[in-house]
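Chain by chain, the residues:
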Amino acid sequence: MSRDPLSAAPSSSSRGAEHTLPLIPTQTLLRGIARGADVRTEIPGPQSVALRARESPYLAPGTQALSQLAGLAFARGQGALLQDVDGNTFIDWVAGIGVASIGHGHPALSQALFDQASQLSCGSFTSVARVELLQRLAQLAPHPSLRRTQLFSGGAEAVESALRLARAYTGHSDVLSFWGGFHGKTAGVLGLMGSEFKQGLGPLPTGHVLAPYPDCYRCPFKLAPASCGLHCVDFTQQVLRLNATGPLAAILVEPMQGTAGNLLPPAGWLPAMSKLAHEHGALLILDEMICGFGRTGRMWGQQHYDVHGDIVTFGKGVAAGFPLSGLLSTDAIVSAEPWSRPSFSSSSFGGFPLAAAAANAVVQVIVEQDLPGHAAAMGARLLERLRPLVDKYPIVGQVRGQGLLVGVELVCDRGTRAPLPKAQCEEIFQRCLRRGLLTMAYAPRVRINPPLCITAEQIDESAAIFDDVLGDVCRPMARGV
Ligand SMILES: Cc1ncc(COP(=O)(O)O)c(C=O)c1O
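(A) Region of interest: the domain arrangement of the chain. The assigned domain composition of the chain is domain 1 (5–92 + 371–478) and domain 2 (109–368). If you average the C-alpha positions of domain 1 and of domain 2, the two centres end up 27 Å apart. On the side of domain 2, 20 residues touch domain 1, which itself brings 24 residues to the contact. Examining the composition of the side of domain 1 that touches domain 2, we find that five residues originate from one element, helix H12 (residues 371–386), more than from any other.

(B) Main features of the sheet that holds strand E11 (residues 396–402). The strand order across the open sheet formed by three strands is E11-E12-E14, and the pairing between neighbours is antiparallel. Single-partner strands in this sheet number two, and they are E11 and strand E14 (445–448). Averaged over all pairs of adjacent strands, the angle between their axes in this sheet comes to 15 degrees, without regard to strand direction. Sheet topology places strand E12 (residues 405–410) next to E14; four bridges connect them, and they run antiparallel. Within the sheet, the bridge partner assigned to Val408 lies in E14 and is Val446. The sheet strands contacting H12 are E11 and E12, and the helix crosses E11 at an angle near 170 degrees.

(C) Layout of unusual backbone geometry. In this structure, the amide linkage connecting Ile43 to the following residue, Pro44, adopts the cis form with an omega of -5 degrees. Structurally, Pro44 can be placed in the segment before helix H1 (46–55). One non-glycine residue with positive phi stands out, namely Asp306, at about 55 degrees. Tracing the chain through its elements places Asp306 in the loop between strand E8 (283–287) and strand E9 (311–314). Despite not being glycine, Asp370 shows a phi value in the positive range, around 45 degrees. Tracing the backbone through its elements, the reader meets Asp370 in the loop between helix H11 (353–368) and H12.

(D) View of the sheet that holds strand E13 (residues 437–438). Pairing in this open sheet of four strands is mixed, and the strands run E1-E2-E3-E13 from one edge to the other. The open sheet has two edge strands, strand E1 (74–78) and E13, and neither has a second partner. The sheet contact formed by E1 and strand E2 (residues 81–84) spans four bridges and is antiparallel. In the sheet register, Arg76 faces E2, and the bridge partner there is Gln83.

(E) Structural context of the nonpolar core. Core analysis: the largest hydrophobic core is formed by 132 residues, its most contacted members being Ala250, Ala358 and Val362. Among the elements that make up this core, the one with the highest residue count is H11 (eleven residues). Taken together, domain 1 (5–92 + 371–478) and domain 2 (109–368) each give at least three residues to this core, which thus spans both. With residues up to four places along the chain from it excluded, the contact list for Val362 reads Ser101, Ile102, Leu109, Val318, Ala319 and Ala320.

(F) Representation of helix H6 (residues 155–170) in the model. Here H6 spans 23 Å end to end across 16 residues, near enough to the 22 Å set by a 1.5 Å rise per residue. The buried count for H6 comes to 15 of 16 residues, which makes it a mostly enclosed element. One or two residues past the end of H6 sits Gly171, with phi positive at roughly 75 degrees.

(G) Spatial organisation of the pairing of strand E7 (residues 248–253). When you tally the buried positions in E7, you get six out of six residues, the bulk of the element. Sheet analysis places strand E5 (residues 174–178) next to E7, joined by three bridges and oriented parallel. Directly across from Leu176, in E7, lies its bridge partner Ile251. This β-α-β element, E7 to helix H9 (residues 269–279) to E8, shows right-handed connectivity.

(H) Representation of the site of the ligand. Not every one of the 15 residues close to the ligand is listed here, only the nearest: Gly154, Gly155, Ala156, Gly184 and Met289. Residue contributions to the shell around the ligand peak at three residues, all from H6. Class assignment for the residues of the shell around the ligand results in six nonpolar, seven polar and two charged.

Calculation rules
Residues numbered from 1 in each chain as written. Predicted model: local features only at pLDDT ≥ 70, side-chain atom pairs only at ≥ 80, totals over all residues. Domains from an automatic or database assignment. Contact = placed C-beta atoms within 7 Å. Helix = DSSP H or I, 4+ residues; strand = E, 2+ residues; numbered from the N terminus. Pairing = 2+ DSSP bridges. Axes fitted to C-alpha atoms, helices over the stretch in contact; angles between N-to-C directions. Core = buried A, V, L, I, M, F, W, Y, C linked by C-beta atoms within 7 Å. Buried ≥ 20, exposed ≤ 12 C-beta atoms within 10 Å, placed from the backbone. Expected span 1.5 Å × (residues − 1). Right-handed = clockwise from strand over helix to strand, strands pointing away. Near = placed C-beta within 6 Å. Nonpolar A, V, L, I, M, F, W, Y, C, P; charged D, E, K, R; others polar.

Structural data, given as structure tokens:
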């Protein structure tokens, strides 16, 4: 059997915590390319166009805007690089929206999947892979008490289970979540999403209370972080008092908001939410779907705020492309009935051997390669390259970030902070694509979350492309064209 170079066994050169070393074994580099962006055809190229034309009569609408705008069909990936079916190579600032933690085409993941699928794929019985995974998760948990895990296959499913668990444990009904928060699209969590997205999809379950997230760049109270005294905390208390219909079961929050634009709350806010939850006899559910497993430069986003959840939900990067999610909690909380009764929190794909093997391999790579440490170093490097853009271009309002969770505000006017219109954002997105950089710049709050294994050279090259593209877009504006 001929062996694709991308599925080669992990090499010892891919291990180690040297942040300056390339994390991609050289023998597994993508066919015919070096280590960076390389665009050889028009974008999208003829093969992408042809493949999408074949697909479009059969594909139901509603798929991700990013893929529709790009119009590309990808064939393979390696580390932080993606190669399309025309042979064009892109530096990936998206990572499947924070999924490809260890990078694309990682041999440890393909090998683990191959080995496990050759033996046993499904079922909920104990497997070596699940035992090892659960042990690893308990060791890595943000607090030693969070040693119990239940596994699922999608993020929304894990968050819904966390809500059922919180209600079972507290006997309370209501849940507080935040504007801009995203926890999935299933009916049980849709109402907890603080965005216009849910309009037209009601009626939704009751018992949901929403309050403003501390979006300090566009503070809903028009206050400044240095002098606001965390007014949003007092306001949230009022919201709870006046809007809740029953006792509070949980506060559900992302430690840093991903979908809303990679937003970082001010110091003190997350601990205040923890205190508020406990004052109400409720649990703090920290949704680490995007922040978890090294993205922010530490294993968990919450570790930046000296707080830990009573329940922590995770997914995405934990299995780097294989659908696995889960929740972590304490002995006492997971014992709550009816959640803990046999089959009350299980599912067809909850911790089945194939998923467990995938996550086990991925988590091992994250730890052994110190990807949180690498993300901290690469994130700092990226911020160093992007922060000067605020002074260089009038359309860059703010650059912020923690590790490889970076946000850029594109604005029409730095004074009013009015978001850059969609058409101009899409122009930036398309120009980046034509230069070999896949971004989320189609919206004014540009989220940058590349694979955690991105190299220093790829950081420098991608930041330079983004800088050049902003320059190209701003020049005609400056001439009033
Ligand atoms: C913080 C957070 N929670 C939950 C989800 C839902 O995950 P899934 O799309 O796997 O259902 C997402 C997805 O982006 C997320 O970002």
